[in-house]
Amino acid sequence: NAGVTQTPKFQVLKTGQSMTLQCAQDMNHEYMSWYRQDPGMGLRLIHYSVGAGITDQGEVPNGYNVSRSTTEDFPLRLLSAAPSQTSVYFCASSYSSNPQSNEQFFGPGTRLTVL
Amino acid sequence: AQSVAQPEDQVNVAEGNPLTVKCTYSVSGNPYLFWYVQYPNRGLQFLLKYITGDNLVKGSYGFEAEFNKSQTSFHLKKPSALVSDSALYFCAVSPDYGQNFVFGPGTRLSVLP
């Protein structure tokens, strides 16, 4: 299993540009999520999905869109990049949202800089 | 709303000594508590979790954590630290059957040889 994969690893954008961060998992996990990590603030949840066709907002959803057309993929779209979106983005997945089996597996991250 | 506090930004410990990384939480309902570790330029890795039952939870790499309901704490411990344990440690809470994990700000552990 490749686990959770993310592309690209690094990205530099100009203010106002749009882009999609890709996330895929091959573990047949129901639950997928996107976090951003900023110094001193831990990880903050952007969006999550409990299954194909179902998404919901986390703590910091503004400026980001997601979709979940398949179980495997959960892309994160930045509609119009802003410098405040400079961060490291992590995708994660878990077998389910049932606490008995909800430990999350994280991707390696995407480091995004918005100029 | 749930929240997690990690009162120490940095913990320094000598190799071979016991280590403790502190975590306190606030959540309505039953807490589901987690510890994750992050090595440089890597994603987070699951260490252990508490759902119910025994208050002392054992996890990966010799780590354990003690759940204390009265103090709303879930401190991470290891009897004998290794230099390779140096990393960023995150405590997280998930509400009862909820989907929203909340992470603490992280504690950087440095184990000195």
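Above this text is the structure in question.
Below is a summary of the structure that appears in this document. (Residues numbered from 1 in each chain as written. Chains lettered and ligands numbered in written order. Predicted model: local features only at pLDDT ≥ 70, side-chain atom pairs only at ≥ 80, totals over all residues. Heavy atoms only, no water.)

All names here are of chain A. By the definition in use, this model includes 2 disulfides over all chains. Across the disulfide, Cys 23 is cross-linked to Cys 91 (sulfur-sulfur distance 1.8 Å). A torsion of -70 degrees about the S-S bond marks the disulfide between Cys 23 and Cys 91 as left-handed. Pair noted here: Cys 23 is in strand β3 (residues 19-25) and Cys 91 is in strand β9 (residues 87-94), with a separation of 68 residues, a long-range link. (Disulfide = S-S within 2.5 Å. Helix = DSSP H or I, 4+ residues; strand = E, 2+ residues; numbered from the N terminus.)

The next thing to look at is the side chain of B:Gln6. All names here are of chain B. Relative to the helices and strands, Gln 6 is located in the loop between β1 (3-5) and β2 (10-14). Owing to a relative accessible area of 5%, Gln 6 belongs among the buried residues under this scheme. Side-chain polar atoms of Gln 6 contact the backbone nitrogen of Cys 91, separated by 3.1 Å. Setting aside residues up to four positions removed in sequence, Gln 6 forms contacts with Val 21, Lys 22, Trp 35, Tyr 89, Phe 90, Cys 91, Gly 104, Pro 105, Gly 106 and Thr 107. (Buried < 20%, exposed > 50% of the residue type's maximum accessible area, 1.4 Å probe, protein only. Polar contact = N/O pair within 3.5 Å; in protein donor to acceptor, adjacent residues only side chain to side chain. Contact = heavy atoms within 4.5 Å.)

In this structure, the largest pocket encloses a volume near 570 Å³. A:Gln37, A:Val88, A:Phe90, A:Arg111 and B:Gln38 are the residues nearest the centre of the largest pocket, which is lined by 26 residues in total. Among the elements of the structure, β9 and β11 (110-114) of chain A together with β10 (87-94) of chain B are those that each provide at least two residues to the lining of the largest pocket. Here the residues of the lining of the largest pocket sort into 11 nonpolar, 9 polar and 6 charged. A volume near 230 Å³ is recorded for the second largest pocket. (1 Å grid on protein atoms, 1.4 Å probe; cavity = no way out; pocket = protein on both sides within 12 Å on 5 of 7 lines; lining within 4 Å. Points joined across faces, edges and corners; volume = space filled by probe spheres on them. Nonpolar A, V, L, I, M, F, W, Y, C, P; charged D, E, K, R; others polar.)

The full count for this structure, using the stated rule, is 6 salt bridges over all chains. Two residues, A:Asp38 and A:Arg36, come together in a salt bridge whose shortest N-O distance is 2.9 Å. Taking the shortest distance from any N to any O, the salt bridge between B:Lys58 and B:Glu64 comes out at 2.9 Å. Judged by its relative accessible area of 61%, B:Lys58 is exposed. Assessed through its relative accessible area of 19%, B:Glu64 is described here as buried. Connected via shared salt-bridge partners are A:Arg36, A:Asp38 and A:Arg44. (Salt bridge = Lys/Arg side-chain N within 4 Å of Asp/Glu carboxyl O.)

The next thing to look at is the interface of chain B and chain A. Taken together, the 22 residues of chain B in the interface contact 23 residues of chain A. Of the roughly 1800 Å² buried between chain B and chain A on both sides combined, carbon and sulfur atoms contribute 55%. We note a salt bridge from A:Glu103 to B:Lys49, for which the minimum N-O separation is 2.6 Å. Summed over the shared surface of chain B and chain A, the result is 3 residue pairs in polar contact (both at pLDDT 80 or more). Contributing elements (two or more residues each) for the side of chain B that touches chain A: β5 (32-38), β6 (44-50) and β10 of chain B. The residue inventory of the side of chain B that touches chain A, partitioned by class, reads 12 nonpolar, 8 polar and 2 charged. (Buried area = accessible area lost by both parts, 1.4 Å probe.)

Under the defined criterion, the tally for this structure stands at 16 aromatic pairs over all chains. Both rings, one in B:Phe101 and one in B:Phe103, keep their centres 6.3 Å apart while their planes meet at 25 degrees; by these two values the pair is stacked. Here the two residues B:Phe101 and B:Phe103 agree in accessibility, since each one is buried. One aromatic cluster is present, formed by A:Tyr35, A:Phe106, B:Phe34, B:Tyr36, B:Phe46, B:Phe90, B:Phe101 and B:Phe103 through successive ring pairs. Seen from the ring of A:Phe74, A:Arg68 lies directly overhead, with NZ or CZ sitting 6.0 Å from the centre. Its end group placed over the ring of B:Phe63, B:Lys78 keeps NZ or CZ at 5.0 Å from the ring centre. (Phe/Tyr/Trp six-rings, centres within 6.5 Å; stacked < 30°, edge-to-face > 60°. Lys NZ or Arg CZ within 6 Å of the ring centre and 35° of its normal.)

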